[in-house]
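Understanding the architecture of this molecule
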Amino acid sequence: PRPVRIAMADNDDEARRKLEKPQCSAEAVVEFVRASFVLPCGGEIDASSAKELNSYDDRNFHVRTTSGAQYTLKVHNGVESQNQPLLDAQSAMMRHLTERGVKCPCPVVGVDGRDIARMNLPLRQGARDARRDHAVRVLTWVDGSIADDCRDAHTPAFMRELGAFLGRMVRALESFRHPGAERWHQWDNANAPTVRKFMDAVEDPARRAIAEGVLDDFEAKVSPVAGSLRRGATHNDANEQNVIVRLETSGECAGPFRATPVGIIDFGDINVSWRVNDVAIACAYYTLNKRDPVGDAAQCLAGFESEFPLTDAERSIVPTLMAARLVVSCVLGAYSAARDPANKEYLLTTQKPGWEVLGALRAAGDEEILRRFAAARSEK
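Residues numbered from 1 in each chain as written. Predicted model: local features only at pLDDT ≥ 70, side-chain atom pairs only at ≥ 80, totals over all residues. Heavy atoms only, no water.

Moving on: the pattern of salt bridges. In this structure the tally under the stated criterion is 31 salt bridges. Lys221 is paired through a salt bridge with Asp366; the nearest N and O atoms lie 2.9 Å apart. With Lys221 in helix H6 (residues 205–222) and Asp366 in helix H12 (residues 351–378), this residue pair connects regions lying 145 residues apart in the sequence. Assessed through its relative accessible area of 23%, Asp366 is described here as partly exposed. (Salt bridge = Lys/Arg side-chain N within 4 Å of Asp/Glu carboxyl O. Helix = DSSP H or I, 4+ residues; strand = E, 2+ residues; numbered from the N terminus. Buried < 20%, exposed > 50% of the residue type's maximum accessible area, 1.4 Å probe, protein only.)

Glancing now at the sheet that holds strand S6 (residues 145–146). In space, the 3 strands of this open sheet follow the order S6-S8-S9, with antiparallel pairing throughout. What marks the edges here is a single partner per strand, and that holds for S6 and strand S9 (258–264). The sheet strands contacting helix H5 (residues 156–173) are strand S8 (243–248) and S9, and the helix crosses S9 at an angle near 15 degrees. (Pairing = 2+ DSSP bridges. Contact = heavy atoms within 4.5 Å. Axes fitted to C-alpha atoms, helices over the stretch in contact; angles between N-to-C directions.)

Moving on, we come to unusual backbone geometry. Most peptide bonds adopt trans geometry, and most residues besides glycine take a negative phi value. Within the chain, Asp266 stands out as a residue other than glycine whose phi angle is a positive 65 degrees. For Asp266, the location among the structural elements is in the loop between S9 and strand S10 (271–274). Its identity is not glycine, yet Asn289 carries a phi of approximately 60 degrees, on the positive side.

Let us look at the sheet that holds strand S3 (residues 70–75). The 5 strands are arranged S1-S2-S3-S5-S4 in an open sheet whose pairing can be described as antiparallel. At either end of the open sheet lies a strand with only one pairing partner, and these are strand S1 (51–53) and strand S4 (117–122). Taking each pair of neighbouring strands and ignoring which way they run, the sheet shows an average axis angle of 30 degrees. Alignment of strand S2 (residues 59–64) against S3, held across 6 bridges, turns out to be antiparallel. What sits directly across from Phe61, in S3, is Leu73. Across the sheet, helix H2 (residues 26–36) lies against S2, S3, S4 and strand S5 (131–140), angled at about 150 degrees from S4, the strand it touches most. Each of S4 and S5 is contacted by helix H4 (residues 84–99), which is oriented at about 5 degrees to S5, the strand it contacts most.

All right, on to H6 then. Across its 18 residues, H6 extends 25 Å between first and last C-alpha, which sits within 8% of the 26 Å expected from 1.5 Å per residue. The residue sitting at the N-terminus of H6 and contributing the capping side-chain oxygen is Asp204; that oxygen lies 2.8 Å from the backbone nitrogen of Ala206. (Expected span 1.5 Å × (residues − 1). Polar contact = N/O pair within 3.5 Å; in protein donor to acceptor, adjacent residues only side chain to side chain.)

Of the two faces of S4, only the one carrying Ala117, Met119 and Leu121 is buried; Arg118, Asn120 and Pro122 on the other face are not. Taken together, the 6 bridges between S4 and S5 define a ladder with antiparallel strand orientation. By the bridge assignment, Leu121 is partnered in S5 with Arg132.

One way to put it is that H6 packs onto H12 with a least axis distance of 11 Å and a crossing angle of 50 degrees. Put simply, H6 runs oblique to H12. Crossing geometry of H6 relative to H12 is assigned as left-handed. Judged by residue contacts, Arg207, Ile210, Ala211, Gly213, Val214, Asp217 and Lys221 of H6 engage Lys352, Trp355, Leu358, Arg362 and Asp366 from H12. Counted by class, the contact of H6 with H12 contains 5 nonpolar, 1 polar and 6 charged residues. (Parallel < 35°, antiparallel > 145°, perpendicular 65-115°, else oblique. Left-handed = near helix turned anticlockwise from the far one by under 90°. Nonpolar A, V, L, I, M, F, W, Y, C, P; charged D, E, K, R; others polar.)

Written out as structure tokens, the structure reads:
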């Protein structure tokens with residue numbers, strides 16, 4: 001068992017991340033990057049092109065250069081900015097996957113030869129300090145669309161291809177080791193029960209009861225087999241906004257008729273945990289707003305196992321791990337929204353559909369879910 005003091009420290013970090021989200025403008029970040037990095041494709045960043053991207057605790061800006069190249073400028077929150085080993089692990093994982101054919105962003109080296117530059121910024125009122133040196137990165141851009149922008153193309157075939165893509169990613173990560181990825185993290189599925197500390201943020205008693213029931217199931221079904229689950233470095237957040245897809249159209253209509261997963265972004269939640277988490281997390285998020293959430297999860301898992309077969313113990317707990325991730329997302333989303341009203345819409349993205357899927361998973365029951373998982377695996 002992990003020391004309680006470490007878990008509590010990370011719970012405190014979750015609160016700090018809201019207070020230490022970078023307070024900066026796109027213009028200021030562009031000016032800082034111009035002085036701190038030499039872009040490999042040449043050209044100056046066009047400040048007028050800067051567009052802010054969604055982010056939970058960081059600030060991300062998509063920019064173009066005068067030569068047409070695209071990059072992401074990332075300003076890390078104050079908590080991760082103080083964890084240099086983690087930042088190094090993120091850089092190393094991105095390079096590791098790229099070298100093994102899994103498309104993802106890669107860090108651009110700064111003028112001092114390092115991946116990270118430090119930008120001193122003010123903190124919100126209520127933070128421990130008045131200012132913080134925030135870590136700033138420049139990341140190469142992964143062409144394509146985020147999977148969330150093409151939900152009509154989330155066919156059973158797409159879900160199976162998504163699972164296979166993630167299976168190849170997990171297989172590539174089998175050979176990845178970095179001490180900076182070893183950490184206690186609130187968003188690690190292995191630590192799902194500790195989200196009870198934030199449960200007061202969920203105002204609806206019925207929803208709280210669902211969440212408590214999922215966490216009780218976790219302790220009854222997952223905890224006893226935890227020692228048998230394979231461990232390793234995980235991406236830990238393959239949601240529908242972090243998978244990049246290539247869209248193909250027929251030429252006869254404006255909408256896509258096929259989406260193919262081609263890349264993975266956002267390495268902010270990496271850690272060392274159970275390998276099964278990466279597919280369980282994806283299955284959880286890709287069931288949102290779907291007519292047949294269990295069927296989509298079954299196809300994703302079948303595709304994953306075509307590249308990275310699970311053990312019987314791992315497969316048996318996927319339904320519980322899916323539900324646990326949705327509970328963590330819904331509870332922490334409610335907690336974060338209360339402390340970051342300006343980012344409320346993004347933070348509550350999974351709230352309503354998340355609770356709906358949790359209800360559907362509870363109604364179906366593990367036996368039925370696992371039966372459909374087995375049926376999908378037997379399909380040609």
